Amino acid sequence: MTDYDLIVLGAGPAGVNAALAASAAGLRVALFDENRAAGGQVYRAPAFAGTTDDSAERQAGDALREALAKSRVSAFLGHQVWAVTADFQVDAVGPQGSLSCTSRALVVASGTTERVVPFEGWTTPGVIGLAAATILLKSQKVLPGKTTLVAGCGPLLAAVAAGTLKAGGELRGIVDVAGFGDWLRALPAMLARPDILRQGLAWAWAIRRSRTPLYARHTLVRVIPEGERLRAELAPCDRAGRALPGERKQVLVDCVAVGHGLTPATEITRLLHARHRYSRKAGGWVAITDDCGRTSRERLYVVGDAAGIAGAAAAAEHGTLAGLACARELGAAAGSLDPALGQAQRRHARAARFGHAMARLMALREGHVQGIAADTIICRCEDVTRGEIDAACDAGARDVNQLKAWTRCGMGPCQGRTCGDVAAELLATRLDVPREAVGIFSARTPLRPMTVGALTGAFVYADIPIPKAAPL
Ligand SMILES: Cc1cc2nc3c(=O)[nH]c(=O)nc-3n(C[C@H](O)[C@H](O)[C@H](O)COP(=O)(O)OP(=O)(O)OC[C@H]3O[C@@H](n4cnc5c(N)ncnc54)[C@H](O)[C@@H]3O)c2cc1C
């Protein structure tokens, strides 16, 4: 007998909606997340009680948390999942120590990792991810810097810029690898969700009113510390993201928030050997699924951004779809779920149209990666440079796991989440082969860095039973 019918991993919009739909259909559901409150990245709860915020995201997050609190879902928040086995045993560490439980089915809703295409000085203190800036603004209610430059591509640029202005920060510029034409091409798809488009236009209006300089089709080439501040150097770039020769602009700031899109968090679906494919538009490697997120592994589902970048609105609908589909597969309230499944499918298609257009704006651009200098660090955990990756490739490395063994690229605490995508792109480019050919880092437990002490808990050494010596 398993502990639950379904375990959902990740309490963002995708995971919470999957858990709610499956629980309402009659399944015994457990939900795990390492954060202390549900909401995921986009609806992240403030770290301190009593903070006020009238934003649409805060309201949507509060509604999600309230629905979860009223449901029969067993929520294990503040629990870091470090292992998942093929028979769906989930091992986690929480405030009370280790916890293991089993289920008949698993929905993975583990979200994304931010991608930063390295440039000279990207590891300098004061240079942070765009996504990290959203955490500071939403959760800690802290400005990334007194003066900030935001750079990279995609909708998080506008979100961080507008959030910084709203919080009273000073913006010194927005550097966008995309051009105005790229945004215009995305407009028809954005009309699929006028409510989200309205929010985007409100951000654009706030940015325009602040008279912040906008550097479209530009890229960050260098950040150099100057006293306690940072001097950022910008260059115009081509559509592929390659910096062009010509006049460099200099901007002096306290903080540079930079991000070049998101990559799906596929550690768990890879660990469980579901079949995957590479899709640049979806953000990288993704599990092969049907509309409801059902993978090639029986009773294993993946939803939301972990299944391919499509944004928060699509993640919520995708979660509902998977929760209902899983309930039907496990025999709960069969038949009566069909109308709800049909409606969720239509709502998901509309939201995903919007989300896919945004994901295309953030897709990795090949010229951008090719322009990385030889002495620039790619793997920041292990200090591996582009030159070392190129050398390993010239010496015979043919896939990313060989590259990892030879250079230690991807072997540090982040387990390749930060560098993996760019390292694979560099290898594929140098070998002149498609991205699929160089593969992806093997997924391994523990899924998150953790101490042995967290697993063992407190113990008295003298209490450890010592087996008697075996008779000779
Ligand atoms: C740092 C960051 C900030 C972002 N900020 C924004 C934003 O401000 N606005 C926006 O529109 N989009 C933002 N995004 C994009 C955003 O993730 C999505 O579009 C949306 O939140 C996707 O929802 P989801 O439910 O698929 O995943 P998420 O919301 O990412 O939820 C996934 C959840 O899984 C949990 N999780 C993953 N692995 C484990 C594990 N091993 N153990 C326990 N828990 C685990 C995470 O803690 C997280 O809460 C951000 C992305 C990142 C990476």
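Residues numbered from 1 in each chain as written. Predicted model: local features only at pLDDT ≥ 70, side-chain atom pairs only at ≥ 80, totals over all residues. Heavy atoms only, no water.

### Concerning the overall build of the protein chain
For step 1, the next point in the chain: When helices and strands are tallied, the protein chain shows 15 helices and 21 strands.
For step 2, the next point in the chain: In summary, the protein chain has a C-alpha radius of gyration of 23 Å against a globular reference of 23 Å for 472 residues, a match within 12%.
For step 3, the next point in the chain: Seen along its three principal axes, the alpha-carbon backbone of the protein chain occupies a region of about 75 × 65 × 45 Å.
For step 4, the next point in the chain: Looking at the protein chain as a whole, 52% of its 472 residues qualify as buried.
For step 5, the next point in the chain: Restricting to contacts in the protein chain with at least 6 residues of sequence separation, those with at least 24 account for 66%.
For step 6, the next point in the chain: With the model as given, the accessible surface of the protein chain reaches about 21,500 Å², and the carbon-plus-sulfur share is 55%.
For step 7, the next point in the chain: Between the averaged position of the 54 positive side-chain charges in the protein chain and that of its 44 negative side-chain charges there is a distance of 5 Å. (Helix = DSSP H or I, 4+ residues; strand = E, 2+ residues; numbered from the N terminus. Rg over C-alpha atoms; globule rule 2.2 N^0.38 Å. Buried < 20%, exposed > 50% of the residue type's maximum accessible area, 1.4 Å probe, protein only. Contact = heavy atoms within 4.5 Å. Areas by Shrake-Rupley, 256 points an atom, 1.4 Å probe, with all protein chains shown as cover. Lys, Arg positive; Asp, Glu negative; His and termini not counted. Charge placed at Lys NZ, Arg CZ, Asp CG, Glu CD.)

### Digging into the pairing of strand β10 (residues 170–176)
Sheet faces and side chains relate simply in a regular strand, where the side chains alternate between the two faces.
For step 1, the next point in the chain: Where burial is concerned, most of β10 is hidden: five out of the seven residues are buried.
For step 2, the next point in the chain: Taken together, the six bridges between strand β9 (residues 147–152) and β10 define a ladder with parallel strand orientation. Looking across to β10, one finds that Gly-152 is bridged to Asp-176.
For step 3, the next point in the chain: Handedness of the β-α-β unit built from β9, helix α4 (residues 155–166) and β10 comes out right-handed. (Pairing = 2+ DSSP bridges. Right-handed = clockwise from strand over helix to strand, strands pointing away.)

### Details of the site of the ligand
For step 1, the next point in the chain: Near the ligand there are 31 residues, and of these Ala-14, Asp-33, Val-81, Lys-138 and Asp-305 occur at the shortest range.
For step 2, the next point in the chain: In the complex, 92% of the free accessible area of the ligand, which totals 970 Å², lies under the protein chains.
For step 3, the next point in the chain: Every element with two or more residues in the shell around the ligand is listed here: α1 (13–24), β4 (80–84), α3 (130–140) and α8 (311–329).
For step 4, the next point in the chain: When residues in the shell around the ligand are grouped by element, the largest group, four residues, is from α3.
For step 5, the next point in the chain: No fewer than three residues from each of domain 1 (4–113 + 263–361) and domain 2 (116–260) sit in the shell around the ligand. (Near = heavy atom within 4 Å. Domains from an automatic or database assignment.)

### Remarks on the environment of Gly-61
For step 1, the next point in the chain: Structurally, Gly-61 can be placed in helix α2 (residues 56–70).
For step 2, the next point in the chain: Sequence separation between Gly-61 and Leu-427 is 366 residues, and the spatial gap between their C-alpha atoms is 40 Å.

### What to know about the domain arrangement of the protein chain
For step 1, the next point in the chain: Domain boundaries assigned for the protein chain yield domain 1 (4–113 + 263–361), domain 2 (116–260) and domain 3 (372–438).
For step 2, the next point in the chain: In this assembly, 21 residues from domain 1 lie in contact with 22 residues from domain 2.
For step 3, the next point in the chain: Interface area for domain 1 against domain 2, summed over the two sides, is near 1,800 Å², with a carbon-plus-sulfur share of 63%.
For step 4, the next point in the chain: On the domain 1 side of the interface with domain 2, the three residues burying the most area are Arg-44, Phe-354 and Leu-361, jointly 37% of the side's total.
For step 5, the next point in the chain: Put simply, domain 1 and domain 2 have one salt bridge between them.
For step 6, the next point in the chain: Close ionic contact of Lys-138 with Glu-57 constitutes a salt bridge, the shortest N to O distance being 3.0 Å.
For step 7, the next point in the chain: Inspection of the region where domain 1 meets domain 2 yields three residue pairs in polar contact (both at pLDDT 80 or more). (Buried area = accessible area lost by both parts, 1.4 Å probe. Salt bridge = Lys/Arg side-chain N within 4 Å of Asp/Glu carboxyl O. Polar contact = N/O pair within 3.5 Å; in protein donor to acceptor, adjacent residues only side chain to side chain.)

### A few points about the sheet that holds strand β12 (residues 218–226)
For step 1, the next point in the chain: The antiparallel open sheet is built from three strands, whose spatial order is β12-β13-β14. On the outer flanks of this sheet lie β12 and β14 (249–253), each paired with one strand and no other. Recorded for the sheet is a direction-independent mean angle of 25 degrees between the axes of neighbouring strands.
For step 2, the next point in the chain: Strand direction decides the pairing type here: strand β13 (residues 229–236) and β14, joined by five bridges, are antiparallel. The residue of β14 that forms the bridge with Leu-230 is Val-253. (Axes fitted to C-alpha atoms, helices over the stretch in contact; angles between N-to-C directions.)

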